[in-house]
Amino acid sequence: MLGMLEERETAARVRVEGLREEVARPAEALEAAEIELDRRVIAREELVETLAASAAEFTAGTGTEEKAVLPLAPVPGSTVRPSSCCGSSPAVPAARCSSPTAKPPSAPWPWAPAR
């Protein structure tokens, strides 16, 4: 009889240890997820602060509260459609073109009706 009780006690101990291990895994995963969440919240808050400081510096430098105006000239890395001939761009009209093959464009924009 004593042997049987000892076997049951040992089985109960094994079961308790197994359950403790099962509980520890989700608890570790929860702790890791909470740490990651905290890091992401801190990163977002730092980004918001940095952007706000940058915007404040920009508006202080211009002396206005207006939005930034984009430059009209192309910047390196931007895509600019090549012109096939003088006069194909409103910036260089055909009348000012020195090319002998220059002819006025049919319309200033591809979607505009022909003249």
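Source: prediction; values computed, not measured.

A. Region of interest: the overall build of the chain. In terms of regular secondary structure, the chain is built from one helix and zero strands. Here the chain holds 115 residues, and 4% of them are scored as buried. Counting every atom, the chain has about 10,600 Å² of accessible surface; 61% of that belongs to carbon and sulfur.

B. Structural detail: a negative patch on the surface. A cluster of acidic residues, Glu28, Glu31, Glu34 and Asp38, forms a negative patch on the protein surface. Along the chain, the position of Asp38 falls in helix α1 (residues 2-62). Judged by its relative accessible area of 47%, Asp38 is partly exposed.

C. The pattern of salt bridges, seen in detail. All told, the structure shown has three salt bridges when counted by the stated rule. With its nearest N and O atoms 2.8 Å apart, the salt bridge here joins Glu9 to Arg13. Of this pair, Glu9 and Arg13 both sit in helix α1, four residues apart, roughly one helical turn.

D. Layout of the side chain of Thr59. Inspection of the secondary structure puts Thr59 in helix α1. One polar contact links the side chain of Thr59 to the main-chain carbonyl oxygen of Ala56, over a distance of 3.1 Å.

E. View of the environment of Thr10. Structurally, Thr10 is set in helix α1. Of note is the side chain of Thr10, whose polar atom sits 2.9 Å from the backbone oxygen of Glu6.

Reading the values: rules and limits
- Residues numbered from 1 in each chain as written.
- Predicted model: local features only at pLDDT ≥ 70, side-chain atom pairs only at ≥ 80, totals over all residues.
- Heavy atoms only, no water.
- Helix = DSSP H or I, 4+ residues; strand = E, 2+ residues; numbered from the N terminus.
- Buried < 20%, exposed > 50% of the residue type's maximum accessible area, 1.4 Å probe, protein only.
- Areas by Shrake-Rupley, 256 points an atom, 1.4 Å probe, with all protein chains shown as cover.
- Patch = residues over 30% accessible without salt bridge, like charges linked within 9 Å, V, L, I, M, F, W, Y side chains within 5 Å.
- Salt bridge = Lys/Arg side-chain N within 4 Å of Asp/Glu carboxyl O.
- Lys, Arg positive; Asp, Glu negative; His and termini not counted.
- Charge placed at Lys NZ, Arg CZ, Asp CG, Glu CD.
- Polar contact = N/O pair within 3.5 Å; in protein donor to acceptor, adjacent residues only side chain to side chain.

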